[in-house]
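Spelled out from the first residue to the last, the chains are:
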Amino acid sequence: MGQLKGGEGTSEEVPGVVRPISVKLVVEVLRGIAQVDFMPSAVCGLFFVAALFAAGWQYGLYGLLGSAVSTAVAHGLGLRRDTVEAGLAGYNGCLVALACAVFLGPGHPATVVVAVLGAAVAVVVAAGVGTLLAGRELPALTAPFCLVATAVTVAAPGFRRLWPTGAGPAALPVPAAGGTALSWEQLWHGFFANIGQIFFMPQWYVGLLFLAGLFAASRLAGAVACGGSAVGLLTAWAFGAPAEAVGQGLLGYSGVLVALALCGVFVAADGWSAAYAVLGAAAATVLTPALGAVTAPFGGHAFTWPFVLTTLLFLAAVPAVPRLRRA
Amino acid sequence: MGQLKGGEGTSEEVPGVVRPISVKLVVEVLRGIAQVDFMPSAVCGLFFVAALFAAGWQYGLYGLLGSAVSTAVAHGLGLRRDTVEAGLAGYNGCLVALACAVFLGPGHPATVVVAVLGAAVAVVVAAGVGTLLAGRELPALTAPFCLVATAVTVAAPGFRRLWPTGAGPAALPVPAAGGTALSWEQLWHGFFANIGQIFFMPQWYVGLLFLAGLFAASRLAGAVACGGSAVGLLTAWAFGAPAEAVGQGLLGYSGVLVALALCGVFVAADGWSAAYAVLGAAAATVLTPALGAVTAPFGGHAFTWPFVLTTLLFLAAVPAVPRLRRA
Amino acid sequence: MGQLKGGEGTSEEVPGVVRPISVKLVVEVLRGIAQVDFMPSAVCGLFFVAALFAAGWQYGLYGLLGSAVSTAVAHGLGLRRDTVEAGLAGYNGCLVALACAVFLGPGHPATVVVAVLGAAVAVVVAAGVGTLLAGRELPALTAPFCLVATAVTVAAPGFRRLWPTGAGPAALPVPAAGGTALSWEQLWHGFFANIGQIFFMPQWYVGLLFLAGLFAASRLAGAVACGGSAVGLLTAWAFGAPAEAVGQGLLGYSGVLVALALCGVFVAADGWSAAYAVLGAAAATVLTPALGAVTAPFGGHAFTWPFVLTTLLFLAAVPAVPRLRRA
């Protein structure tokens, strides 16, 4: 998850190896899906697509559609080739299209139209946010997805073709109810669901497939994701989050991404960055119900805002912390 | 709509031509009103003032008051002369004063006081936002107006002299109701109202006067404004916005400003920037009910936030898009 | 209130003078509390601690705890020594811990845990915000406190150990009710309470103790704080704020901080900056009920957001205003 840049890209192609254009595009689209978890790996992307299809064939199609539209728009606008080839054009569009499917219903024609428009706009937003943050040496993360998905889901009830049913999503937040003691099943379901909820999916086996993709791309990333998920579970349990929500991964998904970003991806992995990532993952876990409450009165969702805000502030602090080194 | 800068301004005065100070100030105040639509033209400002008086004499007076107060404060603080002379000090104050008149009622003495205070603060906010964005080569647009007007209108119910009546404006947003099929009258009313709503005015003939002012200043700007209005109508209709709101210009006014900014004012006008402006105007149209929903629970309004947010991100992306050239 | 920086700090120690480490740490912790009002003075900090204990012994302990945890974490992360020694590491943590005590109840064990975690995270957030704003030569002010305290208090109802009682804090804002004519008692109570509410304390004698601490550190600062409080009272009264809230200092606390920041701390004190501070304090007073309304639907609080937003914009504008000089 870096920023998209314009200009002549430096191709990573090995000279003499000719690949058909379609294979190259497929690799870019798959990497686009894998980059949601920072992995520039088409194999990882295949695992992720399999996970989405395991959750529902429409989700698999929407995820591919979003990454494909964004990648195509990035080529059309002439964005830097190396970033597009690394999959950095696709991940926001993938998540935008998935959010449209999950929150507006995958079966309506207008959902497809707004998913395509959203994935196209996400490319421009990613280039804009990336340029603004590049001067700070900060990555855009999933901020472009969060911006576009928030806009679309909050706007949807204002458009009758996007919101065919009557009741609106806006409501004042209410205090948590229900038991807080985690059953063994909720514990291990939640462990995997924390990884699946990055893509909005609550099923433990879908999370397991995502985790397998992470391990396929990088054993360190797989281990750090497990650590982030564990910190999320522990923090949520310690402060008394409702056990049912914890078991569906609704508290810990941002912690997984924060841990990946702060220990290995943007900060060199060592003992200090591991401790830093634990603090960050705990902070993001507390921030998650806060952003759920902030967005509830206007019918929004927390999405990965807790991850984006926590990681940007923790990364911005790195130059002031001599114990940490940028990766 | 650029940023205000300090220091010695380079006067555009022709040497030898002496104009009385009062005429010079009147020109600056009129340009301040025209700069709401990016036009540094006193003639355009005259059309705009005529449009405001056509909507109601109080609106004409408040618009002039806001631009005059802001321009005077800018002179008092010693801001750069060239920007003040181009009308860049006045447009935010003009809109702040108009917003006070429209949302707090033009007839109360406290409305005049808060309009004057708001127009004064808007100059400082514009200088601050302008300085922050200048490093990115981004303009402040109407962000200063949106910030001050949001603050004043949301604060107003907390002050009994600003909000004499009992009921508050805060409410949870509800899904759109009413028919979505546009009548011929709603279509052409909406086309002009999109341009008038930039100044909060829903009457088609007021929008027509604003459009005449745009054409008087620049035929390109007039044509682009028409294109932005058409994109707004089409997007709103395609996703099923309520026909009544479309006919009052409540969906498309940000699209008009986005189109002007992205095709001619800040990006050189050509085929690529026209396509870019279409994408931006469509995005701003979807964003408009989203920001209406976001601000509803605390009694706020979308104002031109959809224009500001869309344009800033689309302009920030321009350096990454080789197809586009800054104007 | 500057930003925290990494690297080798330049110690302000006088060579040859050996102080025991514990005394040095106590001085840093006290300065951390004094820096809430910009004062790098342990004597001022002693007055402030006395004020907190006068309001309630738990508040005194929480304030000390927050400043101590933040200062310790800053040392652990290896942040610049000179800023930590000036107390710049502690003030956000002090306010975060106090906010936890005031809004979650000081007596629950989970409140202590979240106050410690929040004070630790506030150090990282302060380093991040400080680094981001340092390029603009802008200070972080209490933005780190506002961010962390908003996150914790809004998240709290989502965690059953942090929010043991049933009713939630979220509500739609309603227009102000009650009389607006200030009694003599409300007037002078409000004058001191404006200064105490910076630390959430409404008692006039607590505010008087804070004011005494300010005068002990700097007679200019004490006088400017009095001026800011008076502007806040006058603005709130002029627009018709409810007299009861004015008497508890709920309208004017941000004005006190704005006046300090804009006349003496960050802008050289003179007639121009005094006028600038009056405008800023008036703007922050209007902004205070606005941010109360914005945060009400999700159960948040205005905290010192009005001070932070007003001061950042007014300071960002300083380079454009030739009349003003940075301190």
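Please refer to the structure placed before this passage.
Residues numbered from 1 in each chain as written. Chains lettered and ligands numbered in written order. Predicted model: local features only at pLDDT ≥ 70, side-chain atom pairs only at ≥ 80, totals over all residues. Heavy atoms only, no water.

**Q** Would you take a moment to explain the overall build of chain A for this structure?
**A** In terms of regular secondary structure, chain A is built from 14 helices and zero strands. Reading the helices (α) and strands (β) of chain A from amino to carboxyl end gives α-α-α-α-α-α-α-α-α-α-α-α-α-α. Taken over C-alpha atoms, the radius of gyration comes to 19 Å for chain A, in line with the 20 Å a tight globule of 327 residues would show. Taken over the C-alpha atoms alone, chain A extends approximately 60 × 55 × 35 Å along its principal axes. Counting all 327 residues of chain A, 62% fall into the buried class. Carbon and sulfur atoms provide 68% of the accessible area of chain A, an area that totals close to 11,100 Å². Between the centroid of the 13 positive side chains of chain A and the centroid of its 11 negative side chains there is a distance of 5 Å. (Helix = DSSP H or I, 4+ residues; strand = E, 2+ residues; numbered from the N terminus. Rg over C-alpha atoms; globule rule 2.2 N^0.38 Å. Buried < 20%, exposed > 50% of the residue type's maximum accessible area, 1.4 Å probe, protein only. Areas by Shrake-Rupley, 256 points an atom, 1.4 Å probe, with all protein chains shown as cover. Lys, Arg positive; Asp, Glu negative; His and termini not counted. Charge placed at Lys NZ, Arg CZ, Asp CG, Glu CD.)

**Q** Hey, could you run me through the side chain of Thr-285 of chain B in this one?
**A** Position of Thr-285 of chain B among the secondary structure elements: in helix H13 (residues 271-295). The contact partners of Thr-285 of chain B, leaving out residues within four places of it in the chain, are Phe-159 of chain A together with Gly-232, Thr-235, Ala-236 and Leu-251 of chain B. (Contact = heavy atoms within 4.5 Å.)

**Q** Even after reading the chapter, I still don't get the relation of the copies chain B and chain C, so can you show me in this structure?
**A** One copy of the chain maps onto the other through a rotation about an axis followed by a shift along the same axis. When chain B is fitted onto chain C, the two copies agree to an RMSD of 0.0 Å after a turn of 120 degrees and an axial shift of 0.0 Å. Overall, the copies show the geometry of a three-fold rotation axis. Of every C-alpha in chain B, the one belonging to Pro-297 of chain B sits nearest the axis of rotation, 3.6 Å from it. Take the interface residues of chain B: only 7% of them recur as interface residues in chain C, which is what a contact between different surfaces looks like. (Least-squares fit on C-alpha atoms with pLDDT ≥ 70 in both.)

**Q** Any chance you could explain the relation of the copies chain B and chain A here in plain terms?
**A** Between chain B and chain A, which share one sequence, the superposing operator has a rotation angle of 120 degrees and an axial displacement of 0.0 Å; the RMSD is 0.0 Å. Residue by residue, only 8% of the interface of chain B is reproduced at the interface of chain A, so the copies engage with different surfaces.

**Q** Explanation requested: unusual backbone geometry in the structure shown.
**A** Of all residues except glycine, most have a negative phi; of all peptide bonds, most are trans. Residues and elements named next belong to chain A. In this model, Phe-38 sits at a positive phi of 75 degrees, which is unusual for a non-glycine residue. Tracing the chain through its elements places Phe-38 in the loop between helix H1 (21-34) and helix H2 (42-55). Since its relative accessible area comes to 6%, Phe-38 is described here as buried.

**Q** Looking at this structure, how should I read helix H5 (residues 91-104) of chain C?
**A** Three or four residues apart is the spacing at which side chains of an α-helix point the same way, because the helix has 3.6 residues per turn. Residues and elements named next belong to chain C. Between its terminal C-alpha atoms H5 stretches 20 Å, which fits the 20 Å expected from 14 residues at 1.5 Å a residue. Taken residue by residue, H5 has Tyr-91, Asn-92, Gly-93, Cys-94, Leu-95, Val-96, Ala-97, Leu-98, Ala-99, Cys-100, Ala-101 and Leu-104 as its buried positions. Backbone geometry just after H5 places Gly-105 at a positive phi near 90 degrees. (Expected span 1.5 Å × (residues − 1).)

**Q** Could you clarify how one ought to interpret the interface of chain B and chain C in this entry?
**A** Accessible area lost upon the coming together of the parts serves often as the stated size of an interface. With 42 residues of chain B at the interface, the matching set in chain C holds 39 residues. Between chain B and chain C lies a buried interface of about 3,100 Å² when both sides are counted; carbon and sulfur atoms form 74% of it. Taken together, the connections running from chain B to chain C amount to zero salt bridges. Seen at the junction of chain B and chain C, the total is nine residue pairs in polar contact (both at pLDDT 80 or more). Only helix H3 (57-77), helix H6 (109-134) and helix H7 (143-155) of chain B provide two or more residues apiece to the side of chain B that touches chain C. By residue number, the principal contributor to the side of chain B that touches chain C is H6 of chain B, which donates twelve residues. Taken together, the residues of the side of chain B that touches chain C sort by class into 27 nonpolar, eleven polar and four charged. (Buried area = accessible area lost by both parts, 1.4 Å probe. Salt bridge = Lys/Arg side-chain N within 4 Å of Asp/Glu carboxyl O. Polar contact = N/O pair within 3.5 Å; in protein donor to acceptor, adjacent residues only side chain to side chain. Nonpolar A, V, L, I, M, F, W, Y, C, P; charged D, E, K, R; others polar.)

So yeah, pure geometry; function would need other evidence.
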